[in-house]
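Overview (structure and organization)
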Amino acid sequence: MSLLELAGLTKRFGGVTAVDGLDVAIEAGRIHSIIGPNGAGKTTILNLITGVERPDRGQVLLDGADVTGLRSFERARRGVARTFQNLQVFLNMSALENVMAGCDRLSPVGLLAALARLPRVRRANRAATARALELIDFVGLAEWRDAAAAELPYGALKRLEIARALATGPTLLLLDEPAAGLNARETAAIRDLIQALARTGITVVLVEHDMRLVMGVSDHILVVDQGRRLMVGTAAEVRADPRVIQAYLGTAGAGVTGAA
């Protein structure tokens, strides 16, 4: 069953076509990766899915409903969350406070009730705290929960951003280069976390340059080149496809064909 469908999706920036007539279906509960050479349009695809960018042509269908015209926060309410290449965390807030900020979307409390400090506000705050603590433990940051985000190692910050995205209660989680800048141990922690997410039933769409990570976790891989769909397949099919090898020649070709 497809949770997300991109139909004829096209996005131009001036005279440059970043995404060109892209058709792809994302199955629910699976790990899907998007790979391609630098400038292939990968992050633009994520921006189109989340509503950061609007397509010039085509549709974004979420659980069968056309969400192409919806804004980012409206798509978030429908269960779409993401992380970014550049960390989007509040460095002056604790890890716990960062995750609690993500719980706001699920809060039934309005502004007036919060200002009046009604009992339901206190109940909502307790529930948000409990949820945030669960997520901090889930991503392996229990020891850092009260520390300021500025004190966390870089790899921990990557997992903190994922925890905050999870606090919004997504069914679809988009991860934009979660392993960028990480060492082997930190990358292994991200790999284990992505696999744990899929076991909970969350659909993951991963954009990542670490081909060993991509090949190790992905159920399906979409390969794009110059904004176009080159192929969709399993890790084994992608590694063996001569079109993929050609697209990566001179960049990451050895990583694609040699990943375990």
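This report concerns the structure included in the present document. Per chain, the residues get numbers from 1 upward, laid out in the order the sequence is written. In keeping with the model being predicted, local features are shown solely for residues with a pLDDT of at least 70 and side-chain atom pairs are shown and tallied solely at 80 or more, while totals for entire chains, interfaces and linings include all residues. To get the side-chain values, all heavy atoms of the structure are used, and hydrogens and water are removed first.

**Let's talk about the sheet that holds strand 10 (residues 228-233)**
Following DSSP output, two strands are said to pair if at least two bridges run between them. For the purposes of this entry, the term helix denotes a DSSP run of H or I that reaches at least four residues, the term strand denotes a run of E that reaches at least two, and both are numbered from the N terminus. If you walk across this open sheet you meet the six strands as 6-7-8-3-9-10, and the pairing is mixed. In this open sheet, the two edge strands, each paired with only one partner strand, are strand 6 (80-82) and strand 10. In this sheet, adjacent strand axes meet at a mean angle of 20 degrees when their direction is disregarded. Relative to strand 10, strand 9 (residues 220-225) runs antiparallel, the two sharing five bridges. Following the sheet pairing, V223 is matched in strand 10 by M231. Note on contacts: a residue pair is in contact if any heavy atoms of the two residues lie within 4.5 Å. Axis geometry follows a simple rule: fit a line to the C-alpha atoms, using only the stretch in contact for helices, then measure angles between N-to-C directions, giving values from 0 to 180 degrees. The strands touched by helix 6 (residues 154-166) are strand 6 and strand 7 (172-176); relative to strand 7, the strand with the most contacts, the crossing angle is about 155 degrees.

**Section: the pairing of strand 7**
Buried residues are those whose accessible area, probed at 1.4 Å on protein chains only, stays under 20% of the maximum for their type, while exposed residues exceed 50% and partly exposed ones sit between those limits. By the criterion of burial, strand 7 is predominantly enclosed, with five of the five residues buried. What you see with strand 7 is no split at all: L172, L174 and D176 on one side and L173 and L175 on the other are buried throughout. Relative to strand 8 (residues 203-207), strand 7 is paired through five bridges, and the arrangement is parallel. Within strand 8, the residue paired with L172 across the bridge is T203. Note on handedness: a clockwise path from strand one over the helix to strand two, with the strands aimed away from the viewer, defines a right-handed crossover. Remark: the strand 7/helix 7 (residues 184-199)/strand 8 crossover connection has right-handed handedness.

**Observations concerning helix 7**
Note that an α-helix has 3.6 residues per turn; residues three or four places apart therefore point the same way. Given a helix with a known number of residues, its expected span is that number minus one, times 1.5 Å. For helix 7, which comprises 16 residues, the first-to-last C-alpha distance of 23 Å matches the rise-based estimate of 22 Å (1.5 Å per residue) to within 8%. We define a polar contact as two N or O atoms separated by no more than 3.5 Å, with the added condition that, inside protein, one atom must be a possible hydrogen donor and the other a possible acceptor, whereas residues neighbouring each other in sequence contribute only through side-chain atom pairs. One side-chain oxygen of the residue at the start of helix 7 lies 3.1 Å from the amide nitrogen of R185, identifying that residue as N183. Once helix 7 ends, the next one or two residues include G201, with phi positive near 100 degrees.

**Observations regarding the environment of V80**
Inspection of the secondary structure puts V80 in strand 6. When the C-alpha positions of V80 and P170 are compared, they lie 5.4 Å apart, and in sequence the two are 90 residues distant. Excluding anything up to four places from it in sequence, V80 contacts T50, L62, R75, L172 and L174.

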